[in-house]
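Fold and geometry: a report
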Amino acid sequence: MTVTPDSKALSNTSPSPASDADLAIARRVLDIEATALRELADSLNGEFCDAINLIEGLKGRLVVTGMGKSGHIAKKIAATFASTGTPSFFVHPAEASHGDLGMIGKDDAVLALSNSGETPELSDIIAFTRRFKVPLIGMTRKPGSSLAKQSDCPLVLPASPEACPNKQAPTTSTTAMLALADALAVTLMERRGFSAEDFKTFHPGGKLGQRLLHVRDVMHPADSLPLIAKDALMSEALVTMTGRSFGCVGVLGDRGELVGIVTDGDLRRHMADNLVAMKVSDVMTAGPKVTHEGALAVEALAIMNDRSITALFVLDDAGVPAGLVHIHDLLRSGVA
């Protein structure tokens, strides 16, 4: 019979008292890896720049491979490159020997990870790149290894000690591989001027994608807007306002520019007057808050929150309404 711990009892359990010995071990591990990263930064040289130039000039994709722990790191590296503007994917070296070498094209390059530089499973991929002149970037801690010698761009990691007690479990070495690949990816991003908009293109889902939406992505177009001339009567404005269901109506000047807005609040303020007989210009709020279609949706949301309003007109460069974004649109898109 399976015994399930009582969730309430677990939630009421107090944290264990700090163990000085455990904390000392954890800090030692982090210090060792932090030192290794500083050594890695100091070791960067022309080979790193050669690798950057090679990857930037690719017509094809960057194929990342590795075995064991290096393979797990290679998968993350491929995902990082792919999401930051460098087409990339992971190939398992054992599967490559059984047909997946066909996934590597003549316009591609291979980034191979191996701590020792002598991983047997990489031999077929390395031989394939040499036979078909596919550029090879090797990431290893052994400058005299087969991988380093065969690579067009050998990226040699400092011989920093692993962080485990017996100095064997991949810890520092895999951290260094991941960090060096991050340095490659970010350097390429900055070279290419990879923007937040580009990033959103590769991350359309999730909260990050939602927060990078632009106003143009969520706004209502110009032909659906509630608009009225400033000299019109409020009786006409009320009909327009009711028919569009945005809770407001935009007021246009002589050149079609937005000069004001009439909201539910403006109506309430003039209820005691003969509202329907008044001119729109006498009721409107002049100089309303607006936005533009290139602004981020979160920026429009910030204006709404700050001003306690529910809609913003979107203007073009001439001040003419080009759209309208409503709080409901931001809620539906996940921005709010």
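1. Observations regarding the overall build of the chain
Each helix and strand counted, the chain has 16 helices and 13 strands in total. Considering the chain as a whole, with its 336 residues, one finds that 43% of them fall into the buried category. Counted over contacts in the chain with a minimum sequence separation of 6, partners at least 24 positions apart contribute 63%. In the form shown here, the chain has an accessible surface area of approximately 17900 Å², with 55% of it arising from carbon and sulfur atoms.

2. Section: the side chain of Thr172
As for its placement among the helices and strands, Thr172 is situated in helix H8 (residues 172-192). Taking relative accessible area as the criterion, Thr172 reaches 2% and is therefore assigned buried. Filtering out sequence-adjacent residues up to four positions away, Thr172 remains in contact with Ile32, Glu33, Ala36, Ser160, Pro161, Glu162 and Ala163.

3. Description of the sheet that holds strand E11 (residues 290-291)
Taken in spatial order, the 4 strands of this open sheet run E6-E13-E12-E11, and their pairing is mixed. Edge strands, defined here as strands with exactly one partner in the open sheet, are strand E6 (220-221) and E11. In the packing of helix H15 (residues 297-307) onto the sheet, contacts are made with E11, strand E12 (311-315) and strand E13 (321-326), and the angle to E12 comes to roughly 135°.

4. Side note on the packing of aromatic side chains
Enumeration according to the criterion identifies 1 aromatic pair in this entry. Between Phe128 and Phe132 the ring centres are 4.8 Å apart and the planes differ by 45°, which places this aromatic pair in the tilted class. Here Phe128 falls in the buried class, since its relative accessible area comes to 17%. Looking at Phe132, the relative accessible area reads 42%, which means it is partly exposed.

5. Here we look at the layout of surface pockets
Here the largest pocket defines a volume of roughly 450 Å³. Sorting the residues of the lining of the largest pocket by element identifies strand E9 (258-263), helix H13 (264-269), strand E10 (285-286) and E12 as the ones contributing at least two each. In terms of residue count, the dominant contributor to the lining of the largest pocket is H13 (5 residues). Classifying every residue of the lining of the largest pocket gives 9 nonpolar, 7 polar and 6 charged.

6. Considering the environment of Pro87
Relative to the helices and strands, Pro87 resides in the loop between helix H4 (69-83) and strand E2 (88-90). When the C-alpha atoms of Pro87 and Arg61 are compared, they prove to be 5.0 Å apart, with 26 residues separating the residues in sequence. Pro87 has contacts with Arg61 and Leu62, leaving out every residue within four places of it along the chain.

7. Notes on the side chain of Ser173
Checked against the element boundaries, Ser173 lands in helix H8. Contact partners of Ser173, with chain neighbours within four places excluded, come to Asn115, Arg141, Leu157 and Glu162.

8. A closer look at H15
For H15, every residue scored as buried is listed here: Ala297, Val298, Ala300, Leu301 and Met304. Along the axis of H15, the buried positions cluster into a sector of 155°, meaning they face one direction only.

9. Some details on the pattern of salt bridges
The full count for this structure, using the stated rule, is 9 salt bridges. Put simply, Glu56 and Arg191 hold a salt bridge, and the shortest N to O gap is 2.6 Å. Remark: Arg191 occurs in helix H8 and Glu56 occurs in helix H3 (residues 46-56); sequence separation between them is 135 residues. With a shortest N-O distance of 3.6 Å, Asp107 and Lys106 are connected by a salt bridge.

10. A word on the nonpolar core
Membership of the largest hydrophobic core comes to 29 residues, with the highest contact counts inside it found for Phe81, Leu111 and Leu113. Listed by contribution, the elements that provide at least two residues to this core are H3, strand E1 (62-66), H4, strand E3 (109-113), strand E4 (136-140), strand E5 (153-156) and H8. A total of 7 residues in this core trace back to one element, the largest contributor, which is H8. Setting aside its immediate chain neighbours within four residues, Leu111 contacts Leu62, Val63, Val64, Thr65, Ile77, Phe81, Ile137 and Met139. Counting residues in each nonpolar core, the second largest holds 16 residues, with Val215, Met219, Met304 and Ile327 among its members.

11. Considering the packing of H4 against H8
Their axes nearest at 10 Å, the elements H4 and H8 cross at an angle of 15°. Considering their axes alone, H4 and H8 lie roughly parallel with respect to each other. Considering how the two elements wind past one another, H4 and H8 form a crossing that is right-handed. Listed contacts from H8 to Lys69, Ser70, Ile73, Lys76, Ile77, Thr80 and Phe81 of H4 are Thr174, Met177, Leu178, Ala181, Asp182, Leu184, Ala185 and Leu188. Taken together, the residues of the contact of H4 with H8 sort by class into 9 nonpolar, 3 polar and 3 charged.

How each quantity is defined
Sequence order as written defines the numbering, with residues in each chain counted from 1. In keeping with the predicted nature of the model, local features appear solely for residues at pLDDT of at least 70, side-chain atom pairs appear and are counted solely at 80 or more, and the whole-chain, interface and lining totals rest on all residues. Calculated side-chain values reflect all of the structure's heavy atoms, with hydrogen atoms and water omitted. Secondary structure elements are taken from DSSP: a helix is a run of H or I of four residues or more, a strand is a run of E of two residues or more, and numbering for both begins at the N terminus. Between buried and exposed lies partly exposed: a residue is buried under 20% and exposed over 50% of the maximum accessible area for its type, with that area taken using a 1.4 Å probe on protein chains only. Between two residues, a contact is recorded if the distance between any of their heavy atoms is within 4.5 Å. Reported accessibility uses the Shrake-Rupley method at a 1.4 Å probe radius. Residues are deemed covered only where the shown protein chains occlude them. Strands are treated as partners if at least two bridges between them are detected by DSSP. Helix axes are fitted to C-alpha atoms over the stretch in contact, other axes to C-alpha atoms as well, and angles between N-to-C directions run from 0 to 180 degrees. Each Phe, Tyr or Trp ring, with Trp reduced to its six-membered ring, pairs with another whose centre is within 6.5 Å; inter-plane angles below 30 degrees give stacked pairs, above 60 give edge-to-face pairs, and intermediate values give tilted ones. The rule is simple: put a 1 Å grid over the protein atoms alone, call a set of points where a 1.4 Å probe fits but cannot get out a cavity, call an open set with protein on both sides within 12 Å along at least five of seven lines a pocket, and count a residue as lining if it has an atom within 4 Å of a point. Grid points are joined across faces, edges and corners, and a volume is the space filled by probe spheres set on the points. Ten residue types, Ala, Val, Leu, Ile, Met, Phe, Trp, Tyr, Cys and Pro, are classed as nonpolar, four, Asp, Glu, Lys and Arg, as charged, and the remainder, Gly among them, as polar. Directions are taken from the helix axis to each C-beta atom, and the arc is the one they span. Any carboxyl oxygen of Asp or Glu that lies within 4 Å of a side-chain nitrogen of Lys or Arg is treated as forming a salt bridge with it. In these notes, a set of buried Ala, Val, Leu, Ile, Met, Phe, Trp, Tyr and Cys residues joined through side-chain atoms within 4.5 Å is what counts as a nonpolar core. For this classification, under 35 degrees means roughly parallel, over 145 means roughly antiparallel, 65 to 115 means roughly perpendicular, and everything else is oblique. The handedness criterion is simple: a crossing whose near helix is rotated anticlockwise from the far helix by less than a right angle is left-handed, and one whose near helix is rotated clockwise is right-handed.

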